[in-house]
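# A structural walkthrough
One-letter residues, chain by chain:
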Amino acid sequence: MNDNQRRDSEETKAPCPQSQNTEKEICQLEELDILDKLEENPQLVSKIIARFHSGPLPSPEDLAIYNQLIPNGADRIMQSVEREQSARIELDRHKTECDINYINKSLQLQQRGQWIAFVTVLLFFILSFLLIWTGSPALGASIMGASLVAIVTIFITGKAIKSKSK
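Within every chain, residues take consecutive numbers counted from 1 along the sequence as written. Since the coordinates come from a predicted model, pLDDT governs what is reported: local features require at least 70, and pairs of side-chain atoms require 80 or more to be given and counted, while whole-chain, interface and lining totals use all residues. Calculation of side-chain values draws on the structure's entire complement of heavy atoms; hydrogens and water are dropped beforehand.

Attention shifts here to unusual backbone geometry. If you check the backbone angles, asparagine 72 has positive phi at about 55° while not being a glycine. Secondary structure elements follow DSSP: runs of H or I no shorter than four residues count as helices, runs of E no shorter than two count as strands, and numbering proceeds from the N terminus. Along the polypeptide, asparagine 72 turns up in the loop between α4 (60–69) and α5 (73–134).

This is how it looks when you write it as structure tokens:
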């Protein structure tokens, strides 16, 4: 903007009331200073302007520049992204398989524990009945009573532990 254009633009502006006049004058002076600086140093404009892009890939313009600088640069970038995506998918698939395997092993362990507990309880009850039948009713009843107390305690504490972990 040359001096004549600045004077013309300043003359066409209507005068402001006295209270607002100083603010407007300050703003106009600041704008003129900025324009003067830009005219003196036009590369300042290129430093202020910025381009933003968000995404997993560079912008198409950047890919074209990569292709100019590096032979097959865009293809190499795309192949790299595709390899990384494939690796991420494979990692997720492996994690899912491990989770399923862990759940299956936990279920097997629980089932095995339940069968062992069932057999143990059954053996104690058989032992108790044999003791009662052979003439030791007090000993047989105490073994059966202790077994029942142990079973009830295990079920109660097992449910309490499960409810705490949830």
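Back to the write-up after that little detour.
Below, the discussion takes up the packing of aromatic side chains. Only Phe, Tyr and Trp rings take part, Trp by its six-membered ring, and two of them pair if their centres are within 6.5 Å. Stacked means planes under 30 degrees apart, edge-to-face means over 60, and tilted covers everything else. Summed over the entire model, instances satisfying the criterion amount to one aromatic pair. Ring plane angle 85° and centroid distance 6.0 Å describe the contact between tryptophan 115 and phenylalanine 118, whose orientation is recorded as edge-to-face. Taken together, the residues span about one helical turn, with tryptophan 115 and phenylalanine 118 both in helix α5 at a distance of three residues. Tryptophan 115 gets classed as exposed once you look at its relative accessible area, which sits at 59%. Burial classification: accessible surface area is computed with a 1.4 Å probe over protein chains only, and a residue below 20% of its type maximum counts as buried, one above 50% as exposed, and the rest as partly exposed.

Okay, a nonpolar patch on the surface next. Together, Trp115, Phe118, Val119, Leu122, Leu123, Ile126, Leu130 and Trp133 give the surface a local cluster of nonpolar side chains, amounting to about 930 Å² of exposed area. Following the sequence through the fold, leucine 130 ends up in helix α5. Note on patches: the residues involved have over 30% relative accessible area and no salt bridge, like charges join within 9 Å, and the nonpolar side chains Val, Leu, Ile, Met, Phe, Trp and Tyr join within 5 Å. Note on areas: these come from Shrake-Rupley sampling with a 1.4 Å probe, and a residue is covered only by the protein chains present in the view. Salt bridges are defined by distance alone: a side-chain nitrogen of Lys or Arg within 4 Å of a carboxyl oxygen of Asp or Glu.

Let us look at the pattern of salt bridges. The full count for this structure, using the stated rule, is four salt bridges. Its salt-bridge partner being glutamate 84, residue arginine 88 comes within 2.7 Å of it at the nearest N-O pair. Pair noted here: arginine 88 and glutamate 84 are both in helix α5, with a separation of four residues, about one helical turn. On the accessibility criterion, glutamate 84 (46% relative accessible area) is partly exposed. The partner of glutamate 90 in a salt bridge is arginine 93, and the shortest N-O contact between them spans 2.3 Å. A residue pair is termed a helical-turn pair when its members lie 3 or 4 positions apart in one helix, as glutamate 90 and arginine 93 do in helix α5 at three residues.

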